[in-house]
Structures are given as C-alpha cells and as structure tokens.
Amino acid sequence: MNVDKRSLDRLYGSYASWKSWTSEVGSSTDGRVFAKELRRAGAKPPSRILEIGFGAGQFLNWGRQNGFDMVGIDIVASHVESARAKGHVVHCGDLTETNPFRDDEFDLIVLFDVLEHMVLEQIVALFTEFDRILKPKGRVVARFPNGASPFSGYYQHGDATHRSVLTSGSVDQIAALCGFRVCATHNAAWGIQSPRLRVASALVPLISAGRYCVQSFIGWLFLGRNVPMDPNITVIVDRARDEI
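Residues numbered from 1 in each chain as written. Predicted model: local features only at pLDDT ≥ 70, side-chain atom pairs only at ≥ 80, totals over all residues. Heavy atoms only, no water.

(A) Examining helix H7 (residues 120-133) more closely. The end-to-end C-alpha distance of H7 is 20 Å, a good match for the 20 Å that 14 residues give at a rise of 1.5 Å each. Buried within H7 we find Ile123, Leu126, Phe127, Glu129, Phe130 and Ile133. Looking straight down H7, one finds that the buried residues subtend no more than 160° of arc, so they occupy a single side. (Helix = DSSP H or I, 4+ residues; strand = E, 2+ residues; numbered from the N terminus. Expected span 1.5 Å × (residues − 1). Buried < 20%, exposed > 50% of the residue type's maximum accessible area, 1.4 Å probe, protein only. Arc of directions from axis to C-beta.)

In structure tokens form, the structure reads like this:
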C-alpha cells in the first residue's frame, strides 16, 4: 500500500494508541517469546543489543531485566520520551540518517515487526549501516509477516503503514548485497497473551503441533518441501562466510 509521508506521520503519531500498546511486559508469554528468539540467535547476557523500532519498549524492559546491555532507536518521538523516562538509552530518528552509533558496537540487532514498514531502498540502506555497526560475528534478528504463507494476510494487510511484503528469500537477497546472509528461518515465537486466555497457554504446544502438521502437508503438496508457514516468521542474519 502506498502512503504519502504526511499520512505516514499522522498514522505513526497515533500508532501506540491504535495498537493498544503498554510499556510493560504484559505477561510471562512476552518473556518466553523474547527468550526463545534470542536463544535461537545465540545471544547471551551481557550482549549489547540494539532494538530498532522499539515501540512501547517491552523488549527493552525485558532485556534489561535479564542482563542484556540494551539500546534502542525509534522514529516516533513519544516512544523515545517514554523509554527515556524509564532510564533506557534510546535515540530518536532513522538509523540510516542519524548514524548515532560507533563502528563494531553491537552483538545483536533486533527488528520485531519493522522491516515490513520500509521500502526496498530503505531496507538496503539499513543493511549497509548494519555492516558498519555490527561486530564481526554479530547477528540480526528480524520478525515480519510471512509473505510466503497463505495465512499472513491478517497481519500484512491489517496495518496501513506496511509497505513491503517480505519472505526469507527476499530478505536473503537484500542482505547479500551488503555481505550478509539469512542463516536460519523459523516460525516466529508466539504465545497467548490475553489474561483471559492464560489457561489456554497450556494448549500452545498442541496448537503448534497442529500448525506443523498443516505446514508440512501444504509445503510438500505444493512446494515439495517443508517450509515455515506461520503468519509471522523470524530470520537470523549473519555475515556471509567469506566475509567473516
């Protein structure tokens, strides 16, 4: 969906309210989701982590509580003000325009539900900057609606600020331009976060198993292999082997 800059500014100005975000880690589910994503990326405290597009700051809060050295950057001034009030080290603006970080500064860069808000040129510019600020063996973790899944439309098209449809393959293609590669692709970690449905959290393994069976059937039937088909996927990006 094409949206002009003025409209984007207005949409992002009311984004937190529209998303019904709070700044707190809402439940143990949030923590389990964050822990799983970092575990799959191989990140351990006290790794220095940059979160791009931190929103209400739930991951910043969780990371600090669990011993990580957290830094954030966001284009929405109100998000930045709220995070600073809670003692976080955060910056306001576009990473590719403000360049506030040192060379080889971060062990991990995290983008939860961010890349889909950018166009191709912005994503390429972002990976170019990653090459500068990531440590030689640093990694990137990015979660976004799964453009290769028939089940992603609810998330992809439910937000007027989404500007790109992405897959693991397309991100790998972009990353390669800057000396990176997608080294792993996973169905995004998830959980049942509504307090009224906490009792249903015990069903998450069963639901996951059912999803995996459907994914396997559709994948082999249409593509000849099993590929991640959850509505959202997470990719882990590192430097191409010949760059390390």
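So, next bit.
(B) Fine view of the packing of aromatic side chains. Tallied over the entire structure, the rule returns ten aromatic pairs. Ring centres 6.1 Å apart and planes at 15° place the aromatic pair Phe59 and Trp62 in the stacked group. Note that Phe59 and Trp62 are positioned in helix H4 (residues 58-65) at a spacing of three residues, about one turn of the helix. Since its relative accessible area comes to 2%, Phe59 is described here as buried. Arranged with centres 5.1 Å apart and planes meeting at 85°, the rings of Phe101 and Phe106 form a pair that is edge-to-face. Here the two residues Phe101 and Phe106 agree in accessibility, since each one is buried. Feature note: the residues Phe34, Phe59, Trp62, Phe68 and Phe112 constitute an aromatic cluster, connected by ring pairs. Positioned above the aromatic ring of Trp190 is the side chain of Arg211, whose terminal nitrogen or guanidinium carbon lies 4.2 Å from the ring centre. (Phe/Tyr/Trp six-rings, centres within 6.5 Å; stacked < 30°, edge-to-face > 60°. Lys NZ or Arg CZ within 6 Å of the ring centre and 35° of its normal.)

(C) Region of interest: the pattern of salt bridges. According to the stated counting rule, one finds twelve salt bridges in the structure shown. Residues Arg40 and Glu37 are paired through a salt bridge, measuring 2.8 Å at the closest nitrogen-oxygen approach. Placement of both Arg40 and Glu37 in helix H3 (residues 28-41) is noted, with a separation of three residues, approximately one turn of the helix. On the basis of relative accessibility, which here comes to 22%, the residue Arg40 falls in the partly exposed class. We classify Glu37 as buried; its relative accessible area is 1%. Its salt-bridge partner being Arg132, residue Glu129 comes within 2.5 Å of it at the nearest N-O pair. One end of the pair, Glu129, and the other, Arg132, are both in helix H7, three residues apart, so they sit about a helical turn from each other. (Salt bridge = Lys/Arg side-chain N within 4 Å of Asp/Glu carboxyl O.)

(D) Spotlight on the nonpolar core. Core analysis: the biggest nonpolar cluster contains 31 residues, and Leu50, Ile52, Ile109, Leu111, Leu115, Phe127 and Phe130 have the highest contact counts within it. For this core, the elements supplying multiple residues, two or more each, are strand S1 (48-52), strand S2 (69-74), strand S4 (106-112), H7, strand S5 (134-145), helix H9 (168-176), strand S6 (180-187) and strand S7 (232-239). If we ignore the near neighbours within four places in the chain, the residues touching Ile109 are Leu50, Ile52, Phe130, Ile133, Leu134, Arg139, Val140 and Val141. One finds Ala43, Phe54, Val110 and Ala189 within the second-largest nonpolar core, a separate group that totals 21 residues. (Core = buried A, V, L, I, M, F, W, Y, C linked by side-chain atoms within 4.5 Å. Contact = heavy atoms within 4.5 Å.)

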